[in-house]
Amino acid sequence: MSEPELLDARGPSTRRGRRSRPQRINGGPVNGRRWPTVVAVVVGAICFSLIAATVTAGWLVQRPFPQTEGTIALPRLDADVEVLRDGRGVPTIVADTSYDLFYAQGFVHAQDRFWEMDVRRHITAGRLSEMFGDTQVETDTFVRTLGWREVAEAELGQLTAETLDALDAYADGVNAYLAERNASEVSLEYALLAVTAPSYEIEPWTPADSVSWLKAMAWDLRANLVEETDRARLAPTVRSRIAQLYPPYPYDEHQPIVTGGQVDNGRFLSRVAGSGDSSGEWSADSGTTAALAPVLPELFDGATSGADQLDAWLGEYGSGVGSNSFVVTGERSATGGALLANDPHLAPSLPGIWYQMNLQCQRVDAACPYSVGGFTFSGVPGVIIGHNDRIAWAFTNNGADVADLAYEALNGDRYVRDGELLPLETRTETIEVAGGEPVEITVRATEWGPLLSDVSAPHRDVVEGTFSPADLPGTANEVALALKWTALTPGRTADSILALNAASNFEEFRAAAVWFEVPSQNLLYADVDGHIGYQMPGQIPVRSEGDGVTPVPGWSASYGWSRYIPFGQLPWVFDPPEQYIVAANQAVIDESYRYQLTRDWGYGYRSQRIVDLIEASDPLTPESAAELMTDTSNEFAPILVAELMRVDEELLDADTVRARELLTDWDFRQDAGSTPAAYYNAVWRHLLARVFHDELTGDLRPDGGDRWFEVLQVILEDRQAIWWDDVRTPDELELRDEVIASAMMDATAELTDKLGADQADWRWGALHQLELTSATFGESGVAPLEAVFNRGPYETAGGEGIVNATGWSPAEGYEVNWVPSMRMVVDLSDLDASRWVQLTGQSGHVFDPHYTDQFEAWTNGDTYPWPFTAEAVRAAAPDTLLLDGD
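The structure contained in this document is the topic of the report that follows.

How each quantity is defined
Residues numbered from 1 in each chain as written. Predicted model: local features only at pLDDT ≥ 70, side-chain atom pairs only at ≥ 80, totals over all residues. Heavy atoms only, no water. Disulfide = S-S within 2.5 Å. Buried < 20%, exposed > 50% of the residue type's maximum accessible area, 1.4 Å probe, protein only. Axes fitted to C-alpha atoms, helices over the stretch in contact; angles between N-to-C directions. Helix = DSSP H or I, 4+ residues; strand = E, 2+ residues; numbered from the N terminus. Parallel < 35°, antiparallel > 145°, perpendicular 65-115°, else oblique. Left-handed = near helix turned anticlockwise from the far one by under 90°. Contact = heavy atoms within 4.5 Å. Nonpolar A, V, L, I, M, F, W, Y, C, P; charged D, E, K, R; others polar. Core = buried A, V, L, I, M, F, W, Y, C linked by side-chain atoms within 4.5 Å. Phe/Tyr/Trp six-rings, centres within 6.5 Å; stacked < 30°, edge-to-face > 60°. Lys NZ or Arg CZ within 6 Å of the ring centre and 35° of its normal. Salt bridge = Lys/Arg side-chain N within 4 Å of Asp/Glu carboxyl O. Expected span 1.5 Å × (residues − 1). Pairing = 2+ DSSP bridges.

**With respect to the state of the cysteines**
Step number 1: One pass over the full model with this rule turns up 1 disulfide.
Step number 2: For cysteine 361, the disulfide goes to cysteine 368, at an S-S distance of 2.0 Å. In this structure the cystine formed by cysteine 361 and cysteine 368 twists about its S-S bond by roughly -80°; its chirality is therefore left-handed.
Step number 3: Cysteine 361 gets classed as buried once you look at its relative accessible area, which sits at 0%.

**What to know about the packing of helix H6 (residues 148-156) against helix H10 (residues 207-220)**
Step number 1: Where H6 contacts H10, the two axes come as close as 8 Å, and the packing angle between them is 125°. Relative to H10, the element H6 is oriented oblique. Between H6 and H10 lies a crossing whose hand is right-handed. For the pair H6 and H10, the contacting residues are Trp148, Arg149, Val151, Ala152, Glu153, Glu155 and Leu156 in the first and Pro207, Ala208, Asp209, Val211, Ser212, Lys215, Ala216 and Trp219 in the second.
Step number 2: Tallied by class, the residues present in the contact of H6 with H10 amount to 9 nonpolar, 1 polar and 5 charged.

**Brief notes about the nonpolar core**
Step number 1: Trp485 and Leu883 are the most contacted members of the largest nonpolar core, which totals 174 residues.
Step number 2: It is helix H3 (residues 98-125) that contributes the most residues to this core, 12 residues altogether.
Step number 3: Formed by 53 residues, the second largest nonpolar core is a distinct cluster that contains Val647, Leu663, Tyr679 and Ala682.

**What about the packing of aromatic side chains?**
Step number 1: What the rule picks out here adds up to 43 aromatic pairs.
Step number 2: Consider the rings of phenylalanine 509 and tyrosine 525, whose centres lie 4.9 Å apart with planes at 45°: the pair is tilted. Of the two residues, phenylalanine 509 sits in helix H18 (residues 506-513) while tyrosine 525 sits in strand E19 (residues 521-527), which places them 16 residues apart along the sequence.
Step number 3: When the ring centre of tryptophan 515 is taken as origin, the NZ or CZ atom of arginine 492, which lies over that ring, is 3.6 Å away.
Step number 4: For the cation-ring pair, arginine 510 lies above tryptophan 572, with the distance from its terminal atom to the ring centre recorded as 4.8 Å.

**Some points on the pattern of salt bridges**
Think of it this way: side chains of opposite charge can pair up when their charged atoms draw near.
Step number 1: Tallied over the full model, the rule gives 40 salt bridges.
Step number 2: Where aspartate 600 meets arginine 231, a salt bridge forms, and the shortest distance between an N and an O atom there is 2.6 Å.
Step number 3: What you see here is one network of salt bridges that share partners, running through Asp118, Arg121, Arg149, Glu153 and Asp209.

**As for helix H7 (residues 161-179)**
Note on helix geometry: an α-helix contains 3.6 residues per turn, so any two residues three or four positions apart are oriented the same way.
Step number 1: Along its 19 residues, H7 runs 26 Å from first to last C-alpha, staying within 8% of the 27 Å computed at 1.5 Å per residue.
Step number 2: Listed in full, the buried residues belonging to H7 are Thr163, Ala166, Leu167, Ala169, Tyr170, Ala171, Asp172, Gly173, Val174, Ala176, Tyr177 and Leu178.
Step number 3: Elements that come into contact with the buried residues of H7 comprise H3, H6, helix H8 (183-186), H10 and helix H17 (493-502).

**Some points on the environment of threonine 426**
Step number 1: Summarising the element assignment, threonine 426 is placed in strand E16 (residues 425-431).
Step number 2: Excluding residues within four positions of it along the chain, threonine 426 makes contact with Thr442, Val443 and Arg444.

**Observations concerning the sheet that holds strand E11 (residues 385-388)**
Step number 1: In space, the 11 strands of this open sheet follow the order E1-E32-E2-E3-E9-E10-E11-E12-E19-E20-E24, with mixed pairing throughout. Taken across any chain shown, the strands that pair with only one partner, and hence form the sheet edges, are strand E1 (70-73) and strand E24 (572-574). Strand-to-strand twist of the sheet, defined as the mean angle between neighbouring strand axes without regard to direction, takes the value 15°.
Step number 2: Bridge analysis of E19 against strand E20 (residues 532-535) gives 4 bridges, and the strand direction is antiparallel. Its bridge partner lying in E20, tyrosine 525 is registered against glycine 533.

**Here's the deal with the pairing of E11**
For a regular strand, the rule is simple: side chains alternate between the two faces of the sheet.
Step number 1: Judged by which residues are buried, E11 turns out to be covered on both faces: Ile385 and His387 on one side and Gly386 and Asn388 on the other are all buried.
Step number 2: Summarising the sheet, strand E10 (residues 371-376) and E11 pair through 4 bridges and their orientation is antiparallel. When the sheet's bridge partners are listed, glycine 373 is paired in E11 with histidine 387.
Step number 3: Bridge count between E11 and strand E12 (residues 391-397): 2 bridges; the pairing is antiparallel. The partner of histidine 387 across the bridge, within E12, is alanine 392.
Step number 4: The loop that links E11 with its antiparallel partner E12 comprises 2 residues.

**Focus: the environment of isoleucine 385**
Step number 1: By the secondary structure assignment, isoleucine 385 is in strand E11.
Step number 2: With 115 residues separating them along the chain, isoleucine 385 and leucine 500 place their C-alpha atoms 9.2 Å apart.
Step number 3: Those residues in contact with isoleucine 385 that sit more than four places away from it in its chain are Asn342, Pro344, Trp354, Gly373, Gly374, Phe375, Trp393, Ala394, Phe395, Met822 and Met824.

**Considering unusual backbone geometry**
Step number 1: Going from leucine 350 to proline 351, the amide bond is cis rather than trans, its omega being 0°.
Step number 2: Within the fold, proline 351 resides in the loop between strand E8 (339-346) and strand E9 (355-361).
Step number 3: Note the cis peptide between glycine 792 and proline 793, where omega equals 10°.
Step number 4: By the element assignment, proline 793 lies in strand E27 (residues 791-795).
Step number 5: Here the phi dihedral of arginine 76 falls at roughly 75°; this positive angle occurs in a residue that is not glycine.
Step number 6: Locating arginine 76 in the fold gives a position in the loop between E1 and strand E2 (81-85).
Step number 7: You will see that glutamine 579, though not glycine, has its phi angle at about 70°, which is positive.
Step number 8: Residue placement: glutamine 579 occurs in the loop between E24 and strand E25 (580-582).
Step number 9: A residue is classified by how much of its surface remains accessible, and glutamine 579, at 27% relative accessible area, is partly exposed.

Laid out in structure tokens, this is it:
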């Protein structure tokens, strides 16, 4: 039996599908290149100078810190605006008009996070090379091929006047902040950037900059595009067994979000709580569809490796991507009112992706309808997840299949469609490069979409060797892979965000959800009257042929999308008889639903654990609901541990026999201090390697998510399953028990080497560590700079497929690559009793007191009070800034 190939646990992650360290910018290795030594020395010297400045006067690093008290006179405001900040720097903005409210939001975002905003808009416009040089040309080429910026600009023409006014006001506020400041006063990073990009100038903010970021979020949550690509890449080696690696969803064991419902007469009928009937009864959609039909009839009738580098910036898609959310009625809460909880799982970043904020109109009326608070994106007006004075809402990824790949048959600058040769759509763009010559690229597309195989190595892998010239239609002599994705069609998600912010009941919530087209999410709902609900929104394609599981032949138009599922037929539920709803990336609804939503759901281990905890718990409080989100029970561990205990002792060495005893009384919780969890996860890592690494290579190897729980559960039941045999040893036939025993001994040897021979000293947190890394200068390759901008590593609880979802990839090591990016619990009986926390802190300024001041609470599973009413906000606000509009 050969040794499985495993990457060192401490090494950097480079697999697509999981979180990896970003490509080095202007320093460190990028595709084998390094920053010139002289530049590295200069930047290192600057870094030491900054440290010295911090110790002595702190002048340079403190210049960008936000003014939080006193008065700032600003142009174009209708009236004065108050900005009250609490002890963690969380602002509440109080304004008389909507214009002033969003103007002030843009101003405050820029105070704390403009560097982040600027980098984000360069990502989405494919202009990172202007800041960071030729190492980012591949990233820019990929983004420009997708055309995010062009789509965002087209969306501006579809948005309502109210949304456009908000975007304009927000941009005015950002630009008012920038107007009186040079670059080094805006953020410390600009002083460093001046070394390698001395001609770089900050540009004014525009509405398209805001809308573009929504495309980045859609990419981060891009449904099953990774799975579709990987199936195609697996075909040459394990074609007959691919289905075994993507097992069906276990509906009998893990309940879906909507536990009953059907499409009837053009509408989705949902199960609601019946009077005295615990089984519930069927209901139409509370009149919402009828109320909205005049607004959007077509939605109800039906409407006919640059990629790797981009993932390094935004976080890579994988089975850890998702979120937990749940909502309970007053009957299941100790408060008597509804409770709603949410913790989106995203790649860790420094600063964290969220910015907390309350937006309060002085008088809430039609002219200024906002009394809202929650988690915002710097660069985008409004609140993304949170609550207003009437309702609360949460988001989780639903995994709907909204992207398809197609093989395209090419001949020069033409492609085949139904026997005809059509001209490729092409455009030429120029990428400006800091410190280098401009790079000209040509973007190619068909009517299906842009050619990903031109710019993405994994997609080139798919087409290479797939077809011989004889297999291609007509005179075609080349194969490419094109992407059709709903996010590349202009939409109105920006309208939806502001409509959610102002909604006051379930009907208005659903009306807002109509426009939440991309990315398709699960939307949970609760209100102050005790109601709870769920809506699946999004543009979900109906396919003429094919199922979206693997790429289709693009030369036949029969494989296109005929329409989108009408909004009125998408699953929803209102006040279900269970008195709770859980949405944690499991199946939305069972297979009796009329349409195919996807075949690549999350497998429901987290969601079912939450269901079980809710059903078994005492009535929830805000505090206990927050504690529930930090549950560390591994629901697959009892299955695997039972198999480990059955392995014959004669197959194990003495140290491994002792190590196995650690699992005897284990409660299956993966707390940071757990010794059994450390050994169990090492065995899990090595078992996946022993079973799969002989046939699955590179980034196709198991990422350890809950799909692999299902895969291995089936294989464990078959002692002679072909997967147990190592194809690298053709003269040997490996069977289940000896492979499991070898993995157990591998784990013992690894932990002895890493953590010492005394097994009592093994701890899960010593392996499973989180490093908070700045995506720019925190990845510079210059150690003193990285020490300035980064924090950690820190020991962390949780793991893959666990409610406390701190993801890791067994093929790479134990380091954390996905996290709950924030946690919130909204108490609809008393909004001031709500709780929240985010991963790092409000500030994007290194050395600011709020750079990482929430991290300790986050890692300990704690949350902070969330004051919302005027009295509570003023009581919690040590700092008040007046934006003078006179």
